[in-house]
Amino acid sequence: MNRITLRQDGSVVHNGKTVESDPLMFLSAETDLGEGYTLRSYFRMFEKYEVLSHLNAFFSTYMEQYRSSPENNCVYDGFEYLEFGKTVEMIGFPGRPRLEIYCSLYGVYGNDTSDLRSVQLENILDMPLKLGRLKHIVFGDKVDIFEFDTVFTLFEFIDSMLWELSFHGTLMACSLRI
């Protein structure tokens, strides 16, 4: 499998060389995050490779919010870093069991993870972002969660991050101001 690294400046690196154009050929590549990678780095990738912004219909809304945010010091004191993880969950037993596979974005402080629902995008852009492990939950038993190393593709990272951001915080246009 091809392997790429996403750098803090938004660039995609393959075999030690920065990809100058056509990042679409790396959508199925195993993706690592380089040193110092932040949520801001994620948005810088779209500035550098505009074609990637066409992968998700909601992208323009988040890009506008990113561009209107301060240029630095966008951190939230309640987290040490953000983690993007994957979950495989077996649910529906007894009854019709099913398997759901999904990605999550959450804040981490010490050994605790927290929702980002009430945190605005502008408050987490400069938080370090790391890739987490796969969590396997069997029939809702959150006590015995198994964790495994896993792989994230570039497409999965791009699309799932935007999906997760759509559930966290509120868009500036939807915020109530008093």
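Q: Before we move on, can you summarise helix H2 (residues 59-67) with the specific residues and values?
A: All buried positions along H2 are accounted for by Phe59, Tyr62, Met63, Gln65 and Tyr66. Projected down its long axis, H2 carries its buried residues within an arc of 160°, all on one side. Away from its buried face by more than 90 degrees, H2 exposes Glu64 and Arg67. On the buried face of H2, the contacting elements are helix H1 (39-48) and helix H3 (154-165).

Q: Go over the sheet that holds strand S3 (residues 17-18), please, and point to the residues and values.
A: A sheet is described by the order of its strands in space; here 4 strands give the open sequence S3-S2-S1-S4, paired in mixed fashion. Two strands bound the open sheet, and with one partner strand each, they are S3 and strand S4 (30-33). Bridge count for strand S2 (residues 12-14) against S3 is 2 bridges, and the pairing is antiparallel. For His14, the partnering residue across the bridge sits in S3 and is Lys17.

Q: Just give me the short version of the environment of Glu71, but keep the residues and values in it.
A: On the secondary structure map, Glu71 appears in the loop between H2 and strand S5 (81-91). Separated by 31 residues in sequence, Glu71 and Arg40 place their C-alpha atoms 9.2 Å apart.

Q: How would you sum up the pattern of salt bridges? Please name residues and give values.
A: Scanning the entire structure with this criterion turns up 7 salt bridges. Residue Arg67 is joined to Glu47 by a salt bridge in which the shortest nitrogen-to-oxygen separation is 3.8 Å. A residue pair is termed long-range when its members are at least 10 positions apart, and Arg67 in helix H2 and Glu47 in helix H1 qualify at 20 residues. Overall, Arg67 belongs to the exposed group, its relative accessible area being 56%.

What counts and how
Residues numbered from 1 in each chain as written. Predicted model: local features only at pLDDT ≥ 70, side-chain atom pairs only at ≥ 80, totals over all residues. Heavy atoms only, no water. Buried < 20%, exposed > 50% of the residue type's maximum accessible area, 1.4 Å probe, protein only. Helix = DSSP H or I, 4+ residues; strand = E, 2+ residues; numbered from the N terminus. Arc of directions from axis to C-beta. Contact = heavy atoms within 4.5 Å. Pairing = 2+ DSSP bridges. Salt bridge = Lys/Arg side-chain N within 4 Å of Asp/Glu carboxyl O.

So yeah, pure geometry; function would need other evidence.
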